[in-house]
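Single-letter residue listing:
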Amino acid sequence: MKPTIIAITGASASGKTLFAQTIYDELLGEFGENSISIIKEDAYYRAQDHLPMAEREQTNYDHPDAFEHELLSEHLTQLLNNQSIETPIYCYQTHTRTDQTTPLNPTSIILVEGILLFSNHTLRDCFDIKVYMDTPLDICLIRRIQRDTVERGRSIESITNQYIKTVRPMYYQHIEPEKSWADLVITKGGKNRMAIEVLKAKIRQLINQYQK
Ligand SMILES: Nc1ncnc2c1ncn2[C@@H]1O[C@H](COP(=O)(O)OP(=O)(O)O)[C@@H](O)[C@H]1O
Ligand SMILES: Nc1ccn([C@@H]2O[C@H](COP(=O)(O)O)[C@@H](O)[C@H]2O)c(=O)n1
């Protein structure tokens, strides 16, 4: 049986990471590390080592072109063919990839989370289950401010400038339309316990089939 690839998309700070990580953490204990893994689309932001910092700060990180989706599709295909991959590691402070990678072995279930997973049709076609986190944008903004000041080394001024210039317009142009591709639309963010339990139940059923 080929691995099942589950995509979790939606606005920045809609709760994708929390939702995916909760499912991963809770199932890892039950089934072990060969059963489930997570890939972050953010790891596939294009490397920008060739650009000075001032230019990197101007990049539109909410446009599909900011990602190397071809590499992500290639990696998912390799995992489907039972090959291991090396996922890039991205740094939000330097706006580029580090020179390190993380090895990832194929698992029965692969969770992929990120803002623009359905924007590229080759990538979109890799997913067996498509989830969209439908969190109100004002809540996302508040959570992004709280998270990015603490975890991503950003000032309130840089977060709000970027939000008005690119994050909000790209949400309406590219992210919100992704909802139409989704099999499941999750409200209430990354702590929606019923949604977590429903997806976990489906994943359990799939893993039990792999283990037969
Ligand atoms: N339902 C929720 N209630 C409270 N905080 C939440 C909820 N969902 C997400 N968060 C918090 O909001 C922030 C953004 O969530 P995160 O999962 O990083 O979003 P995303 O991966 O979509 O960018 C994180 O600090 C996370 O812990
Ligand atoms: N150098 C970068 C790269 C990305 N971003 C922002 O990250 C957001 C996507 O990640 P989430 O975990 O929030 O889904 C996206 O909205 C980019 O604006 C950045 O600020 N700097």
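It should be emphasised that the depicted structure is a prediction, and the values quoted were computed from it without experimental measurement.

Visitor: An account of the pairing of strand β5 (residues 109-113) is requested, with residue identities and associated values reported.
Guide: For β5, the tally of buried residues reaches five of five residues, placing the bulk of the element in the interior. Side-chain alternation along β5 places I109, L111 and E113 on one buried face and I110 and V112 on a second face that is also buried. Both strand β1 (residues 4-10) and β5 contribute to a ladder of five bridges, which runs parallel. Of the residues in β5, the one forming a bridge with I5 is I110. As defined by bridge partners, strand β2 (residues 36-40) adjoins β5 across five bridges and the pair is classed as parallel. Its bridge partner being in β5, K40 is matched across the sheet by E113.

Visitor: So what about the site of ligand 1? Which residues, and what values?
Guide: G15, K16, T17, G189 and G190 are the nearest of the 13 residues found near ligand 1. The element contributing the most residues to the shell around ligand 1 is helix α1 (residues 16-31), with three residues. Taken together, the residues of the shell around ligand 1 break down into two nonpolar, seven polar and four charged.

Visitor: An account of the nonpolar core is needed here, citing residue identities and associated values.
Guide: The biggest cluster of nonpolar side chains holds 41 residues, and the ones touching the most others in it are I6, A7, I8, I109 and L111. Elements that contribute at least two residues to this core include exactly β1, α1, β2, α3 (69-80), β5, β6 (129-133), α6 (156-175) and α7 (193-211). If one sorts the elements of this core by residue count, α7 sits on top with five residues. Each residue touching A7, except ones within four places of it in the same chain, is listed here: V112, L117, F127, K130 and V131.

Visitor: Pulling in residues and values, what's your account of the site of ligand 2?
Guide: The full set of residues close to ligand 2 is S12, A13, K16, T17, D42, Y45, Y61, D62, Y92, H95, I115 and V167. Residue classes in the shell around ligand 2 are distributed as six nonpolar, three polar and three charged.

Calculation notes
- Residues numbered from 1 in each chain as written.
- Chains lettered and ligands numbered in written order.
- Predicted model: local features only at pLDDT ≥ 70, side-chain atom pairs only at ≥ 80, totals over all residues.
- Buried ≥ 20, exposed ≤ 12 C-beta atoms within 10 Å, placed from the backbone.
- Helix = DSSP H or I, 4+ residues; strand = E, 2+ residues; numbered from the N terminus.
- Pairing = 2+ DSSP bridges.
- Near = placed C-beta within 6 Å.
- Nonpolar A, V, L, I, M, F, W, Y, C, P; charged D, E, K, R; others polar.
- Core = buried A, V, L, I, M, F, W, Y, C linked by C-beta atoms within 7 Å.
- Contact = placed C-beta atoms within 7 Å.

So, to be careful, I would describe these as geometric facts and stop short of saying anything about function.
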